[in-house]
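# Observations on chain architecture
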Amino acid sequence: CLPPLHYRDEALYMEQVSVKELVKHYDTPCYVYSKQAILEVYQAYTDSFASLKHQICYAVKANSNLAVLGVLAQAGAGFDIVSRGELMRVLAAGGAASRVVFSGVGKTYSDIEFALAQGIGCFNVESISELALINEVAKTLDKSAPISLRVNPNVDAKTHPYISTGLKDNKFGITHEEALAVYQQAADLSHIDVVGIDCHIGSQLTEVEPFVAALDKVIELVHSLREQGIELRHIDLGGGLGVRYIDETPVSIDEFATALLPKLSALGLTVFFEPGRSIVANAGILLTQVDVLKPTPHKNFAIVDAAMNDLIRPALYQADMAVIPETLPKNGLDTEGTQAWDIVGAICETGDFLAKDRLLSLATDDILAVTGAGAYGFTMSSNYNSRPRACEVMVDGDRHQLIRKRETIEALYVDEILWQDK
Ligand code: LLP
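Computed from a predicted model, the values in this text were never measured in an experiment.

Before going further, it helps to spend a moment on the UniProt feature "binding site: pyridoxal 5'-phosphate" (unreviewed entry) in the protein. As annotated in UniProt, the feature "binding site: pyridoxal 5'-phosphate" (unreviewed entry) corresponds to Gly240, Glu274, Pro275, Gly276, Arg277 and Tyr376 in the numbering used here. Relative to the helices and strands, Gly240 resides in the loop between β12 (234-236) and α9 (253-267). Filtering out sequence-adjacent residues up to four positions away, Gly240 remains in contact with Ala157, His200, Ile201, Gly202, Ser203 and Leu205. Positionally, Pro275 belongs in the loop between β13 (270-273) and α10 (277-280). Those residues in contact with Pro275 that lie beyond four places of it in its chain are Tyr45, Ile56, Tyr58, Ala59, Gly239 and Leu241.

Put into structure tokens, the structure is as follows:
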């Protein structure tokens, strides 16, 4: 069966819909997601861990469009959220609060109150003060709050420093050394129900070893807790499995499961995962049109209608993302007509680029697709330079549907108020 994104007679297709048709309908810049690709990865997770009681809590931050959440909710997914806004999105998309875990270092009184009132599945607690706050809110609401402690196992995820979270220098979690004492405190609190243990060591991990090292540390704690009479119901291993953007070779979900399953089965707990990127990154593309070609003696710039406000990963993390043409040159990508181009946006910043030194044969008005754009693409977009955010479209087989309208320019300042001189 064809991968969701493929060429047919030199034309790029997402599932059964040509990119040409999508651009005609929705214009550019435009995010396009394959429903089938999202469900395939979700299914790969549930199949690989089928021998264990498990719950896949999709990390909403990767792509929080209601249609994406709705498709996953229907497939039975739970969700990992980090804000009240993400929880409201999950609920609006038909997700069940009881299958949601609430991560994040800065939960406020009102975040906790709202989540408890909705019947949240679990708070992943990141500090002692948060634990006390949750207990206080739960007492006021006369509820018992289900919690896990997010343990920081001090394991090097070997990924970009901005997205590595499991080192002792990072702001996340409770140190491995303090964890037992904090669990003891939690168990003594009147309105706290200790249900699990959690860790998340980083994102875009391509090797399995850091996951195994983190799991070993968490298992150590589970055993010590048992000895102290604290019985947990679940273990949450966070997200972080990487994807191929250009030439990375991340472990497959199956290999990931094979490495972890023996240790997990022996534990007898329900296992939670919080994958974001691996579920949606390669289900999505960003379509953009070449507006201006600017060859210079030193470098060639192709100025396109998407920019760092639409997709900030290259600018923020120097992330390499593939850029492919809508129409494949007759004799493949390595033809004589190709030149090295920097694919840049129209924003007034040198850091505004989508890709550098890409061998392409380009003409004005050509359509390009940035691949791997389904995760941390639209969700990190902004209105910098007063640019309305792109529209989003979902494809399923030969059907396509708008799932977020392109923003209007008027909407950008509709909530602003002119200063009134008396
Ligand atoms: N759980 C927690 C607690 C997290 O902090 C994250 C991601 C995830 C799960 C999901 O991780 P994933 O499976 O997507 O790797 N904006 C960056 C990625 C930041 C990830 C932050 N935390 C990027 O574009 O590369």
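Now, onward.
With that out of the way, let us pick up the confidence of the model for the protein. The predicted structure's coordinates, where accompanied by low pLDDT, should not be read in detail. Averaged over every residue, the pLDDT of the protein is 95; residues scoring 70 or more account for 97%. Taken together, the chains of this predicted complex give a pTM of 0.96 and an interface ipTM of 0.99.

Another aspect to go through is unusual backbone geometry. With an omega of -10°, the peptide bond running from Thr28 to Pro29 counts as cis. Position of Pro29 among the secondary structure elements: in the loop between α1 (19-26) and β4 (30-34). Residues other than glycine seldom take positive phi values, yet Asn385 does so here, at roughly 65°. Structurally, Asn385 can be placed in the loop between β19 (367-371) and β20 (391-396). Of the residues examined, Asn385 has 14 C-beta atoms within 10 Å and is grouped as partly exposed. One non-glycine residue, Ser386, lies in positive phi territory at about 50°.

Bringing the domain arrangement of the protein into the picture now. Domain assignment breaks the protein into domain 1 (5-33 + 281-413) and domain 2 (35-278). Computed from C-alpha atoms alone, the centre-to-centre distance between domain 1 and domain 2 is 32 Å. Contacts between the two partners involve 22 residues from domain 1, matched on the other side by 19 residues from domain 2. Secondary-structure elements contributing two or more residues to the side of domain 1 that touches domain 2 are β20 and β21 (399-404).

One open sheet accounts for three strands, arranged β1-β2-β3; its pairing is antiparallel. The open sheet has two free edges, formed respectively by β1 (5-8) and β3 (17-18), since each of these has just one partner strand.

Here the focus is the site of the ligand. In the vicinity of the ligand lie 20 residues, with Ser203, Gly239, Gly276, Arg277 and Tyr376 positioned nearest. Every element with two or more residues in the shell around the ligand is listed here: α10 and α11 (313-317). Broken down by class, the residue content of the shell around the ligand amounts to seven nonpolar, nine polar and four charged. The residue makeup of the shell around the ligand includes at least three contributed by each of domain 1 (5-33 + 281-413) and domain 2 (35-278).

Calculation notes
- Residues numbered from 1 in each chain as written.
- Predicted model: local features only at pLDDT ≥ 70, side-chain atom pairs only at ≥ 80, totals over all residues.
- UniProt positions renumbered as here; feature names shortened; annotations may be inferred.
- Helix = DSSP H or I, 4+ residues; strand = E, 2+ residues; numbered from the N terminus.
- Contact = placed C-beta atoms within 7 Å.
- pLDDT = per-residue confidence, 0-100.
- Buried ≥ 20, exposed ≤ 12 C-beta atoms within 10 Å, placed from the backbone.
- Domains from an automatic or database assignment.
- Pairing = 2+ DSSP bridges.
- Near = placed C-beta within 6 Å.
- Nonpolar A, V, L, I, M, F, W, Y, C, P; charged D, E, K, R; others polar.

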